[in-house]
Amino acid sequence: QVQLVESGGGLVQAGGSLRLSCAASGVIVGTNPMAWYRQAPGKQREWVATATIGNTPTYADSVKGRFTISRDGAKNTVYLQMNSLKPEDTAVYYCYMWNPGVYWGQGTQVTVSS
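Residues numbered from 1 in each chain as written. Predicted model: local features only at pLDDT ≥ 70, side-chain atom pairs only at ≥ 80, totals over all residues. Heavy atoms only, no water.

**Some words on the overall build of the protein chain**
If you tally the helices and strands in the protein chain, you get zero helices and eleven strands. Reading the secondary structure of the protein chain in the N-to-C direction produces β-β-β-β-β-β-β-β-β-β-β. A globule of 114 residues ought to have a C-alpha radius of gyration of about 13 Å, and the protein chain, at 13 Å, matches this closely. Counting only C-alpha atoms, the protein chain reaches 40 × 25 × 25 Å along its principal axes. Of the contacts formed within the protein chain by residues at least 6 apart in sequence, a portion of 54% connects residues at least 24 apart. With an accessible surface of roughly 6,000 Å², the protein chain has 49% of that area assigned to carbon and sulfur atoms. Counting 9 positive and 6 negative side-chain charges, the protein chain places the centres of these two groups 2 Å from one another. (Helix = DSSP H or I, 4+ residues; strand = E, 2+ residues; numbered from the N terminus. Rg over C-alpha atoms; globule rule 2.2 N^0.38 Å. Contact = heavy atoms within 4.5 Å. Areas by Shrake-Rupley, 256 points an atom, 1.4 Å probe, with all protein chains shown as cover. Lys, Arg positive; Asp, Glu negative; His and termini not counted. Charge placed at Lys NZ, Arg CZ, Asp CG, Glu CD.)

**Description of the nonpolar core**
Trp 36, Leu 80, Met 82 and Tyr 93 are the most contacted members of the largest nonpolar core, which totals 28 residues. Setting aside its immediate chain neighbours within four residues, Tyr 93 contacts Glu 6, Leu 20, Trp 36, Tyr 37, Arg 38, Val 48, Phe 67, Leu 80, Met 82, Gly 107, Thr 108 and Val 110. (Core = buried A, V, L, I, M, F, W, Y, C linked by side-chain atoms within 4.5 Å. Buried < 20%, exposed > 50% of the residue type's maximum accessible area, 1.4 Å probe, protein only.)

**As for unusual backbone geometry**
Following Asn 99, the chain continues into Pro 100 via a peptide bond in cis, with omega recorded as 5°. Looking at the secondary structure, you find Pro 100 in the loop between β9 (91-98) and β10 (102-104). Positive phi values are uncommon outside glycine, yet Asn 76 reaches one of about 50°. With respect to the helices, strands and loops of the structure, Asn 76 is situated in the loop between β7 (67-72) and β8 (77-82). Residue class for Asn 76 comes out buried when judged on its relative accessible area of 17%. With a phi close to 50°, Ser 84 is a non-glycine residue in the positive phi region.

Below you can see the structure in the form of structure tokens.
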């Protein structure tokens, strides 16, 4: 019954911006910790950002200062605002939630051209 559906990926030039969305169903975004991960071709999936309950969001060093994770409880959606994109940000981006069940979205492709 729980589903996480990412959208907003695409092709962007280096220095550009994208906003990814993760629309949740069967689970409440506003009362559960949420995170974004990414996986580049031939690489392991890596953590990008987390929005826990009662704590300030945290970010991987590689995206700190450029990416922002946020929630919209009314839309039951979590976002990842990505600014100043670099070619090394190219990856499939995945939404993640635990409550303590573990849920993953199917991913959305982000490609940053140099």
